[in-house]
Amino acid sequence: MSMDGINLDGVSVRYDPNVDELALNDITLRIPAGQFVCIVGKSGGGKSTLVRTLAGLVKPSQGSLTVGGKAVEGPGEDRGMVFQEDTVFPWLRVQDNVEFGLRARSMPKQERSRKAQEWLAAVGLADAAGKWPRELSGGMRKRVALATVFATEPETLIMDEPFGALDFVTRSVLHSVLLDLWRQTETTIVFVTHDIEEALVLGDRILIVSDGGILADLDCPLPRPRLEDERSSPEALAITREIVRRLGLSAGTPEGPA
Amino acid sequence: MPHQVAGNAIFNLVSSERLPGIGLPSGGYLPHLLFTARNVLTGGVIGVAVGIAAGLASAERREIGQVLGPIMSLFGTMPIIVLAPFFLIWFGLSGTAQVVQVAIYSAAILYVFTLRGVNNLSPAFSEYAATLGASATTRFLRVRLPGSLPEIFGGLRIAFAGNWGIAAATEMLGGQYGSGRVIVALRSVYDLTGIMAVVALLAVLALLVDGTLLAIRARLLRWASVANLSGAAR
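Everything numeric in this text was worked out from a predicted model, so none of it was measured.

Peer 1: Would you mind going over the confidence of the model for chain B with me for this structure?
Peer 2: Note that predicted coordinates carrying low pLDDT should not be read in detail. Summary statistics for chain B give a mean pLDDT of 90 and a share of 96% for residues scoring 70 or more. For chain B, per-element mean pLDDT is lowest for helix H2 (residues 18-21) of chain B, which scores 82, and highest for helix H7 (residues 123-131) of chain B, which scores 96.

The structure is reproduced here in structure tokens:
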């Protein structure tokens, strides 16, 4: 078996050693390099814990986790993360924000400045380098976060509901920006969302995470770009129906109305 | 009358016929005000430095916070002026008592504000920095420190607003010098206009210091006018 990509073998996470409850329960999963994986599921089901474990922000209490063949011991330069929160540093200008990760890698000033410019241009913010984050809209700040993370050239990009707080149009635009960057960089992307539609637009593969386990692992082989027609094709509707059924939301569900 | 107070403040500022008669040097109000100002600034700077350092250390290390927290909240909650008689006895009347008094008050306030500044900062900023490869030192210097500066500046203004009162009140309780001493002397001859003049001059000095702080804040925190530090998604 190739050691590329992400390999989880029997990974469990227990936040409180005195409590029996597992945030992740014995997860075994393989994500090949370059794949775009979306993770959907109810709140509190373990989606965030799973990706935070991949990022190295949460330590597994059991099992082994390797990314690109290396055991994950903590946050690492091979992995980047975009958060749901607005994490662009308000006290740094946009240019310095994008240079943050490059500076942490001790890249010389001229080189990181040039590189930051390139990535700002790649997300359509070439003119915003000198601005303060507060002068930008929420969607533009997400672009800054994308430029910052992509500038560090991670092999794996972890995204925890990054566009959750944005309006539909802004989110759709950011989807195309992200997909372009993904195609150019061949980064492996693990993307958490609570929005089935978002998963259908983005993912090669959709994982349903519930109660700390993987409830379903679905292929999503729709042709790209996934515009209105592709998203309403019989294949897309079948995947949607499957997700809805697995999440226990179809009519006559024994759990009754929420 | 306001014009009498203003007149009194101006005519007695650098030399005064009145002060020698009530047991003070003839140099006017100014040397006393400068003495108070020196105590406020010296004690304030020392206290602020101690308070910020203690607050940052407590935010970084839980054990430090467990030791310092109770001490700081003791000084923060007790009316600190009751300590003045002890300090005046221990340190004498040279001004050290005022400096210590002001320093303790400033440290207690800056401790609370600094700790709150770091703790209110969304942990996502530090996590984001960590995933970008920042070391623990970098996360402290480039994330948690700048992120807590708005709160620290709030504490600075409150501390320096209170410092003048603390210093003057300590002077009232003992010593031969300082604006508090002048107020006590003027009270003994029922010179209300003189007292108000000294209070007004103290207020002017306090406003000058506050204005300086605001100017520094405006420069240092250009980014902060509407920035959201608590991490709520927008």
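Here the narrative resumes, following the displayed structure.
Peer 1: I'm lost on the packing of helix H2 (residues 94-104) of chain A against helix H3 (residues 109-122) of chain A in this one. Help?
Peer 2: Packed helix pairs are characterised by how far apart their axes lie and by the angle those axes make with each other. Residues and elements named next belong to chain A. Running from N to C, H2 and H3 point in directions that differ by 120°, and their axes come no closer than 9 Å. Here H3 runs oblique to H2, going by the angle between their axes. In terms of crossing hand, the pair formed by H2 and H3 is right-handed. Contacts from Val-94, Gln-95, Val-98, Glu-99, Leu-102 and Arg-103 of H2 reach H3 at Arg-112, Ser-113, Lys-115, Ala-116, Gln-117 and Leu-120.

Peer 1: Sorry if this is basic, but what is going on with the pairing of strand S3 (residues 36-40) of chain A here?
Peer 2: When a strand is regular, its side chains alternate between the sheet's two faces. All names here are of chain A. Of all 5 residues making up S3, 5 are buried, and the element is well covered by its neighbours. Residues Phe-36, Cys-38 and Val-40 point to one face of S3 and Val-37 and Ile-39 to the other, with burial holding for every one of them. Here S3 runs beside strand S8 (residues 188-192); their pairing, made up of 4 bridges, is parallel. Residue pairing in the sheet places Val-37 in a bridge with Val-190 of S8. Note that S3 and strand S9 (residues 205-210) share 4 bridges and pair parallel. Note that in S9 the partner of Val-40 across the bridge is Ile-208.

Peer 1: Just to check I follow, could you spell out the side chain of A:Gln35 for this structure?
Peer 2: Residue and element names in this part refer to chain A. Structurally, the position occupied by Gln-35 is in the loop between strand S2 (24-31) and S3. The exposure class assigned to Gln-35 is buried, which follows from its relative accessible area of 15%. When sequence neighbours within four positions are dropped, the list of residues in contact with Gln-35 reads Trp-182, Thr-187, Thr-188, Ile-189, Asp-204 and Arg-205.

Peer 1: I'm lost on the side chain of A:Glu161 in this one. Help?
Peer 2: All names here are of chain A. When you line up the elements, Glu-161 lands in the loop between strand S7 (156-160) and helix H5 (168-185). Despite being buried, Glu-161 has no salt bridge partner; Lys-47 is the closest side chain of opposite charge, sitting 4.1 Å away. Excluding its chain neighbours within four sequence positions, the residues that come into contact with Glu-161 are Lys-47, Gln-84, Val-192, Thr-193 and His-194.

Peer 1: Mind showing me how you'd approach the nonpolar core here?
Peer 2: Generally speaking, nonpolar side chains in soluble globular proteins are found buried as a group. Within the largest apolar cluster, 136 residues are counted, with the highest numbers of intra-cluster contacts made by A:Leu146 and A:Leu178. Each residue touching A:Leu146, except ones within four places of it in the same chain, is listed here: A:Val82, A:Val123, A:Met159, A:Phe163, A:Leu174, A:Val177 and A:Leu178.

Peer 1: Would you mind showing me how to read the UniProt feature "transmembrane region" (unreviewed entry) in chain B here?
Peer 2: Residue and element names in this part refer to chain B. Feature annotation in UniProt places "transmembrane region" (unreviewed entry) on residues 40-59, 71-93, 99-118, 152-174 and 194-216, given in this structure's numbering. End-to-end, the C-alpha atoms of residues 152-174 are 32 Å apart, and along that stretch the chain is 96% helix and 0% strand. A helix fraction of 100% and a strand fraction of 0% characterise residues 194-216, whose end C-alpha atoms lie 33 Å from each other.

Peer 1: Is there a simple way to explain the sheet that holds S2(A) in this structure?
Peer 2: The strands that make up a sheet are held in pairs by hydrogen bonds between backbone atoms, and each pair lies either parallel or antiparallel. Residues and elements named next belong to chain A. One open sheet holds the 4 strands; their spatial order is S2-S1-S4-S5, and the pairing between them is antiparallel. What marks the edges here is a single partner per strand, and that holds for S2 and strand S5 (70-71). The pairing of strand S4 (residues 62-67) with S5 spans 2 bridges and is classified as antiparallel. For Val-67, the partnering residue across the bridge sits in S5 and is Lys-70. Set on the sheet, helix H1 (residues 47-55) makes contact with strand S1 (6-13), S2 and S4; between it and S1 the angle comes to about 120°.

Peer 1: Would you take a moment to explain the sheet that holds strand S6 (residues 79-82) of chain A for this structure?
Peer 2: Residue and element names in this part refer to chain A. Strand order in the open sheet formed by 6 strands is S6-S7-S8-S3-S9-S10, and the pairing between neighbours is mixed. Sheet topology places S6 and strand S10 (213-219) at the edges, where each strand pairs with a single neighbour. Across the sheet, the mean angle from the axis of one strand to that of its neighbour is 20°, orientation sign disregarded. Docked against the sheet, helix H8 (residues 234-246) engages S3, S9 and S10, running at close to 170° with respect to S10.

The rules behind the values
- Residues numbered from 1 in each chain as written.
- Chains lettered and ligands numbered in written order.
- Predicted model: local features only at pLDDT ≥ 70, side-chain atom pairs only at ≥ 80, totals over all residues.
- Heavy atoms only, no water.
- pLDDT = per-residue confidence, 0-100.
- Helix = DSSP H or I, 4+ residues; strand = E, 2+ residues; numbered from the N terminus.
- Axes fitted to C-alpha atoms, helices over the stretch in contact; angles between N-to-C directions.
- Parallel < 35°, antiparallel > 145°, perpendicular 65-115°, else oblique.
- Left-handed = near helix turned anticlockwise from the far one by under 90°.
- Contact = heavy atoms within 4.5 Å.
- Buried < 20%, exposed > 50% of the residue type's maximum accessible area, 1.4 Å probe, protein only.
- Pairing = 2+ DSSP bridges.
- Lys, Arg positive; Asp, Glu negative; His and termini not counted.
- Salt bridge = Lys/Arg side-chain N within 4 Å of Asp/Glu carboxyl O.
- Core = buried A, V, L, I, M, F, W, Y, C linked by side-chain atoms within 4.5 Å.
- UniProt positions renumbered as here; feature names shortened; annotations may be inferred.

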